[in-house]
Amino acid sequence: MTNPTKISVIIPDLANQGTTRGYVIAQGLQRLGYQVTIFGYLYGEQIYPEPPYSLPITYFHGVNLPKFITTTLDFIKEIDGDILYVIKPQLSSFGMALIKAWRNKKPIILDFDDWEMAQFGGDDWQYQGSLINDLLASNSELKKPQYPLYIKWLEKAIEKANGITVSSKFLEYRYGGTYLPNVKDTDLFDPLKFDHKVALCDRDGIKTQLGLSNNRLLMFTGTAKPDQGLEDILIALDSLNEDDLKLVLVGGNKSQSSYVKTLIEKWGRWIIKVQPQGFDDMPRSIAMSDIIMVTPRATSTNCAKFPLELIEGMAMAKPIIATKVGEIPNILQDTGYLIEPQSSGLIAQQIRDIFADYTQAQNKGNLARERCVNNYSMSNITKILEQVINLV
């Protein structure tokens, strides 16, 4: 394609699915000089996380079938990019882009940041039912654009995409395309901005503002779900039984609130819940942590993922305790503390060891930042994006 100037990044659900990945790709495209607008449906009360200040967003409120079809026909009139960069093979992203591409001859780049079918049983999932009867039923799951049947159909249409990017080696093996790892803006995520020697807003000051100056803080910044090993961390805190140790849960959308509430009911002694943070505001929260926790269990979904929260911790030079799941060992290597998944005893021992020699742990954190700057910074993603765009 000759000299594209506008790129539309299409996200399936701005409240829940693919938002952060879409933001990162959009920022990389902006750095290459393109005019970028985020487009997406909003299946929720608010966009989460709040977008970077530089990114314009156009959205329609999410609807189910059959209204989804007519709404999509209206929505695609708003999409004005020379290239459509689509996050996830969902009806509300790839499905919409296929219609736009067919109508207006626009090239599509499709991004995979998850194995979408993993949460439904992977390749073994089969639709059991009657399409017509289920669509006529008032409360049918088939009316939801996120239903797995549509994902399976759209995965079969990936040859319609002019380019494919993937966030992990697992996804590269499964779908092909170009490996585009998750990255962070290491100028924004810079621990020196919160160093008490040089910064006005230092980490100790942030802790004091929140009444946490007397606590040692473990932090989880990902999506609070049962497969993320939060219970393993909390069981470890039970066994350590040290009152100043706390697990900070940052943000989360409304869909996570019932699970977090369940955790608090059982382990409220150890949990501090921090309000959702904007995309550009996360470094401030991470700065006050002592250890970043990335402890997913070994599910199919987690084995396919590249966890963004891992890169956040690395960029901020934090000691990181992480489980040996999926991409994590290759990303972190020897710059953090790797343990087997679902091992509360190992988590407890690692916490104990880190605080026994926190200077050594901080040295590892500095190495993690160096590795992040060299391999997972915005400069890395822009180089790869430029190659991908040039092939479209």
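Draft legend 1. Geometry of helix 5 (residues 148–155). Burial analysis of helix 5 places six of its eight residues in the buried class, which makes it a mostly covered element. All buried positions along helix 5 are accounted for by Pro 148, Leu 149, Tyr 150, Ile 151, Leu 154 and Glu 155. If you follow the buried residues of helix 5, they end up packed against helix 3 (91–104), helix 4 (131–136) and helix 6 (169–175).

Draft legend 2. Region of the structure containing the sheet that holds strand 7 (residues 178–179). If you walk across this open sheet you meet the seven strands as 3-2-1-4-5-6-7, and the pairing is parallel. Each of the sheet's edge strands pairs with one partner strand only, and the pair in question is strand 3 (57–61) and strand 7.

Draft legend 3. Spotlight on the pattern of salt bridges. For the structure shown, the criterion picks out 20 salt bridges. A salt bridge links Lys 6 to Asp 80; its shortest N-O distance comes to 3.6 Å. Within this pair, whereas Lys 6 is found in strand 1 (residues 6–11), its partner Asp 80 is found in the loop between helix 2 (67–75) and strand 4 (83–87), the two being separated by 74 residues in sequence. When its relative accessible area of 39% is taken as the criterion, Asp 80 is described as partly exposed. Put simply, Arg 216 and Asp 244 hold a salt bridge, and the shortest N to O gap is 2.7 Å. A residue pair is termed long-range when its members are at least 10 positions apart, and Arg 216 in strand 8 (residues 216–220) and Asp 244 in the loop between helix 8 (230–240) and strand 9 (245–250) qualify at 28 residues. Relative accessible area serves as the criterion here: at 25%, Asp 244 is assigned to the partly exposed category. A single network of salt bridges, built from pairs that share partners, joins Lys 88, Asp 113, Asp 114, Glu 116 and Lys 305.

Draft legend 4. Seen up close, the packing of helix 1 (residues 19–31) against helix 16 (residues 378–391). Between helix 1 and helix 16, whose axes approach to 9 Å, the crossing angle comes to 75°. In terms of orientation, helix 1 lies roughly perpendicular with respect to helix 16. Where helix 1 approaches helix 16, its residues Val 24, Ile 25, Gln 27, Gly 28, Leu 29 and Arg 31 are matched on the opposing element by Met 378, Ile 381, Thr 382, Leu 385 and Ile 389. Across the contact of helix 1 with helix 16, the residue classes tally to seven nonpolar, three polar and one charged.

Draft legend 5. Just the side chain of Asn 182, in detail. By secondary structure assignment, the location of Asn 182 is in the loop between strand 7 and helix 7 (203–209). Using a relative accessible area of 3% as the deciding quantity, one classes Asn 182 as buried. Within the structure, the side chain of Asn 182 is placed 2.8 Å from the side chain of Arg 21, a separation counted as a polar contact. Separated by 2.8 Å, the side chain of Asn 182 and the backbone oxygen of Phe 306 make a polar contact. Leave out the neighbours within four places in its chain, and Asn 182 touches Arg 21, Ser 167, Phe 306, Leu 308, Ile 311 and Tyr 376.

Draft legend 6. Just empty space enclosed by the protein, in detail. Applying the stated criterion across every chain, the model contains two cavities of 30 Å³ or more. There is about 30 Å³ of room inside the second largest cavity. Residue lining of the second largest cavity: Val 24, Gln 27, Val 183, Lys 184, Asp 185, Leu 188, Phe 189 and Phe 279, and that is the complete set. A breakdown of the residues in the lining of the second largest cavity according to their chemical character gives five nonpolar, one polar and two charged.

Draft legend 7. Geometry of the packing of helix 2 against helix 3. Remark: helix 2 packs on helix 3, axes separated minimally by 10 Å, with the N-to-C direction vectors making an angle of 55°. Taken together, the axis directions place helix 2 and helix 3 in an arrangement best described as oblique. Crossing handedness for the pair helix 2 and helix 3: right-handed. The segment helix 2 lies against helix 3, with Phe 68, Thr 72, Leu 73 and Phe 75 engaging Leu 91, Ser 92, Met 96, Ile 99 and Arg 103. Here the residues of the contact of helix 2 with helix 3 sort into six nonpolar, two polar and one charged.

Draft legend 8. Spotlight on the sheet that holds strand 11 (residues 291–294). Here six strands make up an open sheet; going across it, the order is 10-9-8-11-12-13 and the pairing parallel. Two strands lie at the open edges of the sheet, namely strand 10 (271–274) and strand 13 (337–339), each paired on one side alone. Neighbour to neighbour, the strand axes of the sheet diverge by 25° on average, direction disregarded. Of the strand pairs in this sheet, strand 8 and strand 11 are connected by two bridges, and their pairing is parallel. By the bridge assignment for strand 11, Leu 218 is matched with Ile 291. In this fold helix 14 (residues 344–356) packs onto strand 8, strand 9, strand 11, strand 12 (320–323) and strand 13, with an angle of close to 165° to the strand it touches most, strand 13.

Conventions used here
- Note that residues are indexed from 1 along each chain, following the sequence as it is written.
- pLDDT decides what is reported in this predicted model: residues at 70 or higher carry local features, side-chain atom pairs at 80 or more are listed and counted, and totals for whole chains, interfaces and linings draw on all residues regardless.
- Only hydrogens and water are set aside; all other atoms, that is, all heavy atoms of the structure, feed into the side-chain values.
- Only protein chains enter the calculation, and the probe is 1.4 Å; a residue is then buried if its accessible area is under 20% of its type maximum, exposed if over 50%, and partly exposed in between.
- By definition, any uninterrupted DSSP run of H or I lasting at least four residues is a helix, any uninterrupted run of E lasting at least two residues is a strand, and each is numbered from the N terminus.
- Between two residues, a contact is recorded if the distance between any of their heavy atoms is within 4.5 Å.
- Between any two strands, pairing holds if DSSP finds at least two bridges.
- We define a salt bridge as a contact between a side-chain nitrogen of Lys or Arg and a carboxyl oxygen of Asp or Glu at a distance within 4 Å.
- Axis geometry follows a simple rule: fit a line to the C-alpha atoms, using only the stretch in contact for helices, then measure angles between N-to-C directions, giving values from 0 to 180 degrees.
- By definition in this entry, angles of less than 35 degrees are roughly parallel, angles greater than 145 are roughly antiparallel, angles of 65 to 115 are roughly perpendicular, and the rest are oblique.
- Basically, the charged four are Asp, Glu, Lys and Arg, the nonpolar ten are Ala, Val, Leu, Ile, Met, Phe, Trp, Tyr, Cys and Pro, and anything else, Gly included, counts as polar.
- Under the rule applied, a polar contact is a pair of N or O atoms within 3.5 Å (in protein, one hydrogen donor and one hydrogen acceptor; residues adjacent in sequence only if both atoms are side-chain atoms).
- Using a 1 Å grid laid over the protein atoms alone, points where a 1.4 Å probe fits but cannot get out form a cavity; open sets with protein on both sides within 12 Å along at least 5 of 7 lines form a pocket; any residue with an atom within 4 Å of a point counts as lining.
- Grid points are joined across faces, edges and corners, and a volume is the space filled by probe spheres set on the points.
- In this scheme the crossing of two helices becomes right-handed for a clockwise turn of the near helix relative to the far one and left-handed for an anticlockwise turn of less than a right angle.

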